[in-house]
Amino acid sequence: VHHPEYAPTVGVSLRALPDEIQELQPIVLNSGYRIHGSVSDEAGNPLQGVEVAVQLHATMNFGHHDQDRLALEEASGRLRRVITDGNGEFSVGHLARGIYQIEASLEDFASSIENAVQCMGEEFLVERHLVMGTEHRLAGLVRDEAGNPIPDALVAAARIRPRPIYSCETRTDENGNF
């Protein structure tokens, strides 16, 4: 059950039997958990305009950013996005019980990712501070054996150390550049 003013919840499991009417117990929605905090650069300066994405860990599809899948995750409340204010602060409420990933993104900064943020138990308010470092960029050219540029080639890169694992992908332009 999902409603924008409450945390999503899963109802009771049931088995539908032919010719049987079942009356279910009421499904109770609550305000859920809230993750809040701030985002700064490495010097401690607050960053305004950072997109902070909070996604339920069990539903994540690492390395793949299919727009239809992301839209479904957002519609169901398993993925929430907010923008930091002038003080670099953010708040995401109405979260269901679970383990989340937080990712902060802003152009010209390296993304900051925190995994395994637990929203469980009696502590309904979770605070995190994310630090965004220097962005690193990879650029190159993809060619065939004859030296001709190859347009629209898929180029994927992944970082496995230091943790967390991070991957991204792009396509070459008409001149084979990425």
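Residues numbered from 1 in each chain as written. Predicted model: local features only at pLDDT ≥ 70, side-chain atom pairs only at ≥ 80, totals over all residues. Heavy atoms only, no water.

**Student:** Explain the overall build of the protein residue by residue, including any values.
**Tutor:** In terms of regular secondary structure, the protein is built from 1 helix and 9 strands. Mapped from its N terminus to its C terminus, the protein presents α and β elements in the order β-β-α-β-β-β-β-β-β-β. Over its C-alpha atoms the protein spans a radius of gyration of 21 Å, topping by over 25% the 16 Å that the globule rule assigns to 178 residues. Each of the three principal axes of the protein carries a C-alpha extent, and together these read 70 × 50 × 25 Å. Residues counted as buried form 29% of the 178 residues belonging to the protein. (Helix = DSSP H or I, 4+ residues; strand = E, 2+ residues; numbered from the N terminus. Rg over C-alpha atoms; globule rule 2.2 N^0.38 Å. Buried < 20%, exposed > 50% of the residue type's maximum accessible area, 1.4 Å probe, protein only.)

**Student:** Give a description of the environment of leucine 47 that names residues and reports values.
**Tutor:** Mapped onto the fold, leucine 47 is located in the loop between strand S1 (33–41) and strand S2 (51–56). Residue classification places leucine 47 among the buried residues on the basis of a relative accessible area of 9%. In sequence terms leucine 47 and leucine 106 are 59 residues apart; their C-alpha atoms lie 8.8 Å from each other. Other than its neighbours up to four places away in sequence, leucine 47 contacts Val39, Ser40, Asp41, Thr84, Asp85, Gly88, Leu106, Phe109 and Met132. (Contact = heavy atoms within 4.5 Å.)

**Student:** I'd like to hear about the pattern of salt bridges, residue by residue, with values.
**Tutor:** Tallied over the full model, the rule gives 5 salt bridges. Where arginine 78 meets glutamate 73, a salt bridge forms, and the shortest distance between an N and an O atom there is 3.2 Å. A relative accessible area of 27% means that arginine 78 is categorised as partly exposed. Each of Glu51, Glu74 and Arg81 takes part in salt bridges that share partners, so that together they form one network. (Salt bridge = Lys/Arg side-chain N within 4 Å of Asp/Glu carboxyl O.)

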